[in-house]
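Chain by chain, the residues:
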Amino acid sequence: MEQQVATEKVKRGLAQMLKGGVIMDVVTPEHAKIAEDAGAVAVMALERVPADIRADGGVARMSDPELIIKIMETVSIPVMAKVRIGHFVEAQILESLGVDYIDESEVLTPADEEYHINKHDFKIPFVCGCRNLGEALRRIGEGAAMIRTKGEAGTGDVVEAVRHARTVMGEIRRLQNMPEEELMSFAKEIGAPYNLVKETRELGRLPVVNFAAGGIATPADAGLMMQLGVDGVFVGSGIFKSGDPAKRARAIVKATTHYNDPAILAEVSRNLGEPMVGRQVTDIPESELIASRGW
Amino acid sequence: MINIGVLALQGDFHEHTKVLQSIGVSSRLVKLPRDLAGLDGLIIPGGESTTIGKLAEDYDLIEPLRQFGQQHAIWGTCAGAIFLSKDVKRDQPLLRLMDIEVQRNAFGRQVDSFEIDLQVPFLENGESQPYHAVFIRAPMIKSVYGKAEILLKLPDGAIVAAKQGRLLATSFHPELTEDDRFHRYFVELTQS
């Protein structure tokens, strides 16, 4: 009766435990505690939230291990951390710290403009961003155990999160209504592994848990993404760039659970104070858009 | 007809309802106290116990769940087992229904999550057919006292399942496997 560790089952399984929950970006141990107390299912430990990465410019890299360790010591919930796309050495470093999930993230500056990390090489599970079904299945093919639609991080504008979630769901519906003989060409068209295309068609959903991310700033935004069919939400800048982070965090947690109960959504949306200052995605020059990073 | 509730505040509640459906048992998601009416039993799924506890507190579910558990069967998997316990040695909302002390994340972090085949004699064909158990950042039952009894241990002696009347706690996740024997065991428990 041998124990098996780092199997696909336990990697994907942790994401299943996060379903219906909110994963919050935190930049200090104090933030992490506020997030845990508000009911976050996990925290994403990083040095700057996406809104600040945008404002500061320059190269955004993996966070200081010291910060990540302090956050891991502070909370009892899972701790995630980000690496640059393709930067497998940053991933090796996070693995040696024992973080619970690695986000190979377009929010950081890509280290490789052609290849993502071979995530099968790691014991720690990975979450990756996607804008469409092909991108999601390529990442799963590389070993991602969880997917998040990208949205446009650090904007407080939910429009891209909606676009990406609708695109993925729409493509899955199209796939389900397709005759069998069209599958191979569809796989070729979207650039996805054939076996995963087949599996997605059979399941009627992505083979791994799929959260929404990028631009979620209010309880109503969280409810919107949940009603569109995602399994949970990431909130980055939306909480700690707002006027009353603890209150807003609690409200978004409640909204994610009671996403189809408008009376509760109305109740939790009351008197939340100032939301983060938003930046309309259509006002951002194309060269500054984050979601297009990833191949 | 048997109707089992699945607490749907957060976690892998859909995985439980899928297994129940596959064995022909109807189920209902429970998010508010009124959802408990008329149920024969309740499953508290895996998830984050701190999140589930806080949401239960915020929506006044703690007392109704305690009363439900005094009359009906409840099964907690992983976070659900933590939520059922009397003590976790830290400050978080608990139902305190079972005489067990649970240690959260007792096997380590995610990198230590594991799968293992276990002999579970009380399941159907349990003597001959091993049960494949999945542990994810799993809790361990550190002590069992009072009216609770030990149901299952790992080969190294760690307690991973306990029972108290019609209350059942497992550290692992039967909802993540194709094997439906634990769910059938629980459905029988609701009828005992």
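Residues numbered from 1 in each chain as written. Chains lettered and ligands numbered in written order. Predicted model: local features only at pLDDT ≥ 70, side-chain atom pairs only at ≥ 80, totals over all residues. Heavy atoms only, no water.

Enquirer: Please provide a residue-by-residue account of the environment of R84 of chain A, values included.
Expert: Residues and elements named next belong to chain A. The residue R84 is located in strand β4 (residues 79–84) in this model. Separated by 101 residues in the primary sequence, R84 and S185 have C-alpha atoms spaced 32 Å apart. Here R84 is in contact with V59, A60, R61, M62, E90, E104, S105, L108, T109, A111 and I117, once residues within four sequence places are set aside. (Helix = DSSP H or I, 4+ residues; strand = E, 2+ residues; numbered from the N terminus. Contact = heavy atoms within 4.5 Å.)

Enquirer: Which residues make up the sheet that holds strand β8 (residues 209–212) of chain A, and what are the values?
Expert: Within a sheet, each strand pairs with its neighbour through backbone hydrogen bonds, oriented either parallel or antiparallel. Residues and elements named next belong to chain A. Spatial ordering of the closed barrel is given by β2-β3-β4-β5-β6-β7-β8-β9, a layout of eight strands whose pairing is parallel. Ignoring strand direction, the axes of neighbouring strands in this sheet form an average angle of 30°. Both strand β6 (residues 126–130) and strand β7 (residues 146–149) contribute to a ladder of four bridges, which runs parallel. The residue of β7 that forms the bridge with V127 is M146. (Pairing = 2+ DSSP bridges. Axes fitted to C-alpha atoms, helices over the stretch in contact; angles between N-to-C directions.)

Enquirer: Give a detailed account of the interface of chain A and chain B, specifying residues and quantitative values.
Expert: Across the boundary between the two partners, chain A contributes 44 residues, which contact 43 residues of chain B. Summed over both partners, the interface of chain A with chain B comes to about 3400 Å²; 54% of that surface belongs to carbon and sulfur atoms. Connecting chain A to chain B are five salt bridges. Of the charged contacts in the structure, one is a salt bridge between E36 of chain A and R90 of chain B, with a shortest N-O distance of 3.9 Å. For the pair chain A and chain B, the number of links is 23 residue pairs in polar contact (both at pLDDT 80 or more). Within the residue set of the side of chain A that touches chain B, elements represented by two or more residues are β1 (4–5), α1 (8–18), α2 (29–38), α12 (245–257) and α13 (262–269) of chain A. It is α1 of chain A that contributes the most residues to the side of chain A that touches chain B, eight residues altogether. A class-by-class count of the residues in the side of chain A that touches chain B yields 20 nonpolar, 13 polar and 11 charged. Two strands pair when backbone bridges link them, and β1 of chain A and strand β7 (residues 114–118) of chain B are joined in this way by two bridges, in the antiparallel orientation. Considered in β7 of chain B, the bridge of V5 of chain A is made with F114 of chain B. (Buried area = accessible area lost by both parts, 1.4 Å probe. Salt bridge = Lys/Arg side-chain N within 4 Å of Asp/Glu carboxyl O. Polar contact = N/O pair within 3.5 Å; in protein donor to acceptor, adjacent residues only side chain to side chain. Nonpolar A, V, L, I, M, F, W, Y, C, P; charged D, E, K, R; others polar.)

Enquirer: An account of the pattern of salt bridges is requested, with residue identities and associated values reported.
Expert: Here the structure, examined in full by the defined rule, presents 34 salt bridges over all chains. One salt bridge connects E189 of chain A with R174 of chain A, and the closest N-O pair in it is separated by 3.3 Å. Remark: R174 of chain A occurs in helix α7 (residues 159–176) and E189 of chain A occurs in helix α8 (residues 183–190); sequence separation between them is 15 residues. Residue R174 of chain A is classed as partly exposed on the basis of its relative accessible area of 41%. Note that R184 of chain B and E124 of chain B form a salt bridge whose closest N and O atoms lie 2.6 Å from each other. Note that R184 of chain B is positioned in helix α5 (residues 181–191) and E124 of chain B in the loop between β7 and β8 (131–135), a separation of 60 residues in sequence. Among the charged side chains, a network of salt bridges with common partners joins K33, E36 and D37 of chain A together with R90 of chain B. (Buried < 20%, exposed > 50% of the residue type's maximum accessible area, 1.4 Å probe, protein only.)

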